[in-house]
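# Residue-level structural notes
Listed below, chain by chain, are the residues.
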Amino acid sequence: MKTMNFVLALLLVLSLLSCTKKVDVNEKVLNLVVSAKVKGMDPISSDDRYSSNEVARVYEGLLEYHYLKRPYTLVPNLAEALPEVSSDGLTYIFKIRKGVLFHDDAAFPEGKGRELTAEDFVYSLKRLADPKLQSVGWWVLDGKIKGLNEWRKKYADLPAVDYKEEVEGLKAVDRYTLKFVLARSFPQFLYSLAMPFTFAVAQEVVDHYGKEFINHPVGTGPFVLPKFEQTNKIVYTKNPKFRAKLYPSEATDEFKELGYLQDAGKQLPLVDKVVVNILEEDQPRWLNFQKGNLDYVAIPKDNFDTAVTPSKGLAEDLAKKGIKLLISPSLDVTYTAFNHENKLFSNLKLRRAMSLAYDVNKSNELFYNSNALPAQSVIPPGIAGYMPDFKNPWRGPDLEQAKKLLAEAGYPAGKGLPEITFDCPSSTISRQMGEYLKSQMEQIGVHLKVVQNPWPDLQKKINNKTVMLYGIAWGADYPDAENFLQLLYGPNKTPGANGSNYDNPEYNKLFESAVVMQDGPERTALYEKLNRMAADQAPWIYGVHRQSFVLHHSWLRNYFSSDFDQGQAQYLNVDLEKKAEMLKKL
Amino acid sequence: MNIWTYTIRRLLYVIPVLLGVCLIIFVLFNLVSPDPSLMMLGKHASAHQMAEIRHELGLDRSWFLQYWDIVKSAFTFDFGRSWSTKQEITQMIKNGAMPSLTVSVPAFAASTIIALIISLFVAFYRGGKFDKSIVIACVALMSIPALAYILFGQKILAYDWGLFEISGYEHGFPAFVPFVLLPCIIWVVLSIGPDVRFYRTVMLDEIYQDYVRTARAKGLTENVILFKHVLKNAMIPIITWVVIQIPFLILGALLLESFFGIPGLGGITLNAINSADFPVVRAMTVLSAVAYIVFSVITDVLYTIVDPRVRLK
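Residues numbered from 1 in each chain as written. Chains lettered and ligands numbered in written order. Predicted model: local features only at pLDDT ≥ 70, side-chain atom pairs only at ≥ 80, totals over all residues.

## As for the overall build of chain A
Condition: Here a helix means four or more residues in a row that DSSP labels H or I, a strand means two or more in a row labelled E, and each is numbered from the N terminus. Computation of the radius of gyration draws on C-alpha atoms, with the globule rule given as 2.2 Å multiplied by the number of residues to the power 0.38. Put simply, a residue is buried when 20 or more other C-beta atoms lie within 10 Å of its own C-beta and exposed when 12 or fewer do; between those, it is partly exposed, and each C-beta is set from the backbone. Once C-beta atoms are placed from the backbone, any two residues with those atoms within 7 Å are in contact.
Check the secondary structure of chain A and you find 19 helices and 22 strands. Scaling as 2.2 N^0.38, a compact globule of 586 residues should have a C-alpha radius of gyration of about 25 Å, and chain A matches this with 26 Å. If one aligns the C-alpha atoms of chain A with their principal axes, the spans along those axes are about 80 × 75 × 55 Å. The proportion of buried residues among the 586 residues of chain A is 45%. Taking contacts inside chain A between residues at least 6 apart in sequence as the whole, the part at least 24 apart equals 69%.

Encoded structure:
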């Protein structure tokens, strides 16, 4: 009997073992992956890329970026058209699309989602400004809308916030008309209306769920998620009541040539279900992709050499499986910042000498598989203000010139120079980057001490201005050079975004003139001037502009990597026949 | 003293211990930890907004009131909401505990039983080739880092041979079973080395005691001596070793959970530490302390059951 029990138990285990999940090829399902936990589904808390991507599957904003146009172009989403803008650039009038419905939810009468109105945007933006909610996204409206800062200030010390109190610059003129009056001209304001922070929520849903609203996303978007749980998988289904929204029929040439118009004119979304897997480690992401359990994956650093050939092509074994490689530049910049509040770094020649001692090409080879673009200044390629032919005269390596400048700075061969601390995050790669910087500086006699910090500690040091030199990167919030140039704007010193505390009156004045100007050649000329100044003054040792290397299976259509991919899932399609065929090869 | 009085008295000791734990947590987080307002406000923080958020979090109140908050949460188990995710912490713990336990409990039980059986055999054949081979195998198993087992298991057993799921988790029985098999096997392999070495030492300590010689002189068989006498007498250190590990099972296995995409408490704790999410770290610390104390009491009570020489005082 005992032997019989043992055999039965063994058979049970074996049957379970053979039950490894099979990939379903009968339903159009997107299988996506993210590498960090998703915090929640409240638009005003979606400050990281992972959360904002999830929020944008359910919620929508007034504007979005055209899916198939580059440079990035804003187009209406929940707005009927782009706004009417007054000649002084201060008043924006939007018409809201009629007949757009919120998802069905218990918060609405009889559980049926109601129509979206202009008042929903007024409420949603006030919610972003609500002092009791302390949204991480408040910066997108801070000081921009007339009367909104005053409204926020008034309720900061009162027990409750009155959303009914009117704000001069934020009004619903009628059911479908929304009017903004800005406190000062700020053309970048429109970008904020394409960011998930400003997406529309319904007040009755927020009131119904209270603090649990974060787990009950109810938007107007292409996908529905009845309840969010912080787990390893999020499953969205197609919104059956999604409005008539079609896949674009226009595209810039690069997209046309690559066949991105195959689904032109089709109703969105193109898939029935989106499954988002949360996998924090590289290996399971990589293996799951190769098994066909994921539709695309960013190539992990350790697998790069096996996936990509030295000529930046796809490895043969992957190509045979129908896998495609996509290389896209990122709108970002990595840099080593001097803390300009430290008197040592007011010495321009010292900064230039250190910049010249740093071999960015070698660093690109060591840390980015030579795939990044060495940065000449602060603005990355792809946005107005970037100058493709510009060469930073203080960009290394030039050891002779660096040594000469160091001597002129008053520190011949580094004599008299104190030990400089370089602070970096606590990851292995950051340590390696720190050690590399140290070895580069040693060549001219500048001695560095590398100190690793957990991220919160590093932030604290930057904020307290106790750092000397630190390594960091900045990714674009929106595709405008202002978002990068503001990193060196004096009034933005810590705890603002200007963590290096660079403060140059001439730069500040020029920046202030540029940011109030509408897009055009005149503003671009000013951006270029600021970009040159940022190179000449060596406020940082510039690193690189990174590129993303992503693989996707041949059955996934319309996919490309983008810095602003919120809402992308609605445009993606799965070719089920091809999937069934290709899975046999995996 | 009867067992109930003893248990109640020991449980009362929890109060001062918890007050002490709260004090340590308070000191560590108020004096050493970074400012959470920076983490919460992200890259566009302004000084005014930081002051506002510190006020909202109650970080500008007196130290005593902040300490009192921690004490209250330790006794009510109401830990509030996470600063980073805004999720309710009790719910986060409830959601994460089951996935962690579905890996740790079967793996822990299996590794304990297997290690005990092996060590009994080793004790039986002590000094021989079998004993030596097992000791060498244990040292070899212990010398390989946990990450190597995980990477190997995932690549060869799951990906190449397709025996297991590469990663993932489904809630509810039996849906979770295919997903926890490989992590459990790796856990067992990781634990077996240190466990067998410990149990072997315990058994051998007993085997050279006078009573064993007496038993042999009485003509008892080696099996009876080993299973009836030696095992029973070795139970005190075994219970200590086993029961004291139980509270940590709920915390899960950080590396395993992370690589296998299991949404357990290990990942929650790690994320909380990385993002200076004080309420979550506080909750996990308090929870561990309470569990540790409770299981210490259980260990002490179990001593009296397995060994009548131990008296409750």
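Past the structure itself, the notes keep going.
## Examining the sheet that holds strand S12 (residues 324-329) of chain A
All names here are of chain A. The test is simple: For two strands to be treated as a pair, DSSP must find at least two bridges joining them. A fitted line through C-alpha atoms represents every axis, and for helices the fit uses only the stretch in contact; the resulting angles, taken between N-to-C directions, go from 0 to 180 degrees.
One open sheet holds the three strands; their spatial order is S11-S20-S12, and the pairing between them is antiparallel. Across the chains shown, the open sheet's two edge strands, defined by having one partner strand only, are strand S11 (296-298) and S12. The mean angle between the axes of side-by-side strands here comes to 25 degrees, regardless of whether they run parallel or antiparallel. Of the strand pairs in this sheet, S11 and strand S20 (residues 547-552) are connected by three bridges, and their pairing is antiparallel. Opposite Tyr-296, over in S20, you have His-552 as the bridge partner.

## Description of the sheet that holds strand S10 (residues 273-278) of chain A
Two strands in a sheet stick together by hydrogen bonds in their backbones, pointing the same way (parallel) or opposite ways (antiparallel). Residues and elements named next belong to chain A. With respect to topology, four strands assemble into an open sheet ordered S1-S10-S9-S8, the strand pairing being mixed. The open sheet is flanked by strand S1 (29-34) and strand S8 (223-224), the only strands paired with a single partner. Here two bridges tie S8 to strand S9 (residues 233-238), and the two strands are oriented antiparallel to one another. Note on S9: the bridge partner recorded for Val-224 is Thr-237.

## A word on the nonpolar core
What counts is decided by this rule: As used here, a nonpolar core is made of buried Ala, Val, Leu, Ile, Met, Phe, Trp, Tyr and Cys residues. They are joined through C-beta atoms within 7 Å.
Judged by nonpolar contacts, the single largest core of 194 residues is most densely connected at Ala353(A), Tyr470(A), Leu485(A) and Trp187(B). Ranked by residue count, the leading element in this core is helix H9 (residues 177-207) of chain B, at 14 residues. In this structure Leu485(A) touches Val378(A), Phe511(A), Tyr527(A) and Leu530(A), once residues within four positions along its chain are discounted. Of all hydrophobic cores here, the second largest spans 20 residues; its members include Cys22(B), Ala74(B), Phe79(B) and Val281(B).

## Examining the interface of chain A and chain B
The line we're drawing: In this count, Pro and Cys sit with the nonpolar residues alongside Ala, Val, Leu, Ile, Met, Phe, Trp and Tyr, while Asp, Glu, Lys and Arg are called charged and the others, Gly among them, polar.
With 42 residues of chain A at the contact, the number on the chain B side is 47 residues. If you list the elements that add at least two residues to the side of chain A that touches chain B, you get helix H1 (2-17), S10, helix H8 (282-291) and helix H15 (455-463) of chain A. A per-element tally of the side of chain A that touches chain B places H15(A) first, with six residues. Classifying every residue of the side of chain A that touches chain B by side-chain character gives 18 nonpolar, 13 polar and 11 charged.

## Describing the environment of Leu225(A)
Along the polypeptide, Leu225(A) turns up in the loop between S8 and S9. Sequence-distant contacts of Leu225(A), that is, excluding residues within four places in its chain, are made with Val58(A), Pro217(A), Ile234(A) and Tyr236(A).

## Describing helix H15 (residues 265-274) of chain B
Those residues of H15(B) that fall on the buried side of the exposure criterion are Leu265(B), Gly266(B), Gly267(B), Ile268(B), Thr269(B) and Ala272(B). Within two residues after H15(B), Ala276(B) carries a phi angle of roughly 50 degrees, on the positive side.

## Focus on the packing of helix H12 (residues 235-243) of chain B against helix H16 (residues 278-306) of chain B
Residues and elements named next belong to chain B. The following threshold applies: Each angle receives one of four descriptions, namely roughly parallel if under 35 degrees, roughly antiparallel if over 145, roughly perpendicular if within 65 to 115, and oblique otherwise. The handedness criterion is simple: a crossing whose near helix is rotated anticlockwise from the far helix by less than a right angle is left-handed, and one whose near helix is rotated clockwise is right-handed.
Direction vectors running N to C along H12 and H16 enclose 160 degrees, while the axes themselves pass 10 Å from each other. The angle between the axes of H12 and H16 places the two elements in the roughly antiparallel class. In this structure, the crossing between H12 and H16 has a hand that is right-handed. Every residue of H16 that contacts H12 at Met-235, Ile-236, Ile-239, Thr-240 and Val-243 is listed here: Phe-295, Ile-298, Thr-299, Leu-302, Tyr-303 and Val-306. Considering only residue class, the contact of H12 with H16 consists of nine nonpolar, two polar and no charged.

## A word on the packing of H8(A) against helix H8 (residues 146-160) of chain B
Two elements in contact, H8(A) and H8(B), have axes separated by 11 Å at closest approach and are oriented at 10 degrees. As judged from the angle between their axes, H8(A) and H8(B) are roughly parallel. Seen along the crossing, H8(A) lies across H8(B) with a hand that is right-handed. Of the residues in H8(B), those in contact with Gln283(A), Pro284(A), Leu287(A) and Lys291(A) of H8(A) are Leu151(B), Gln154(B), Lys155(B) and Tyr159(B). In the contact of H8(A) with H8(B), the residues fall into four nonpolar, two polar and two charged.

## Side note on unusual backbone geometry
Phi is mostly negative for residues that are not glycine, and the peptide bonds are mostly trans. All names here are of chain A. A cis amide bond, omega -5 degrees, links Arg-70 with the succeeding residue Pro-71. Secondary-structure assignment places Pro-71 in the loop between strand S2 (63-65) and strand S3 (74-76). Of note, the bond from Leu-268 into Pro-269 is cis; its omega dihedral lies within 30 degrees of zero at -10 degrees. Its location among the elements puts Pro-269 in the loop between helix H7 (253-257) and S10. Phi at Asn-501 takes a positive value of approximately 60 degrees, unusual for a residue other than glycine. On the secondary structure map, Asn-501 appears in the loop between helix H16 (482-485) and helix H17 (505-515). We note that Asn-558 has phi near 70 degrees; this positive angle belongs to a residue other than glycine. Within the secondary structure layout, Asn-558 lies in the loop between strand S21 (556-557) and strand S22 (573-574). For Asn-558, a count of 21 C-beta atoms within 10 Å translates into the label buried.

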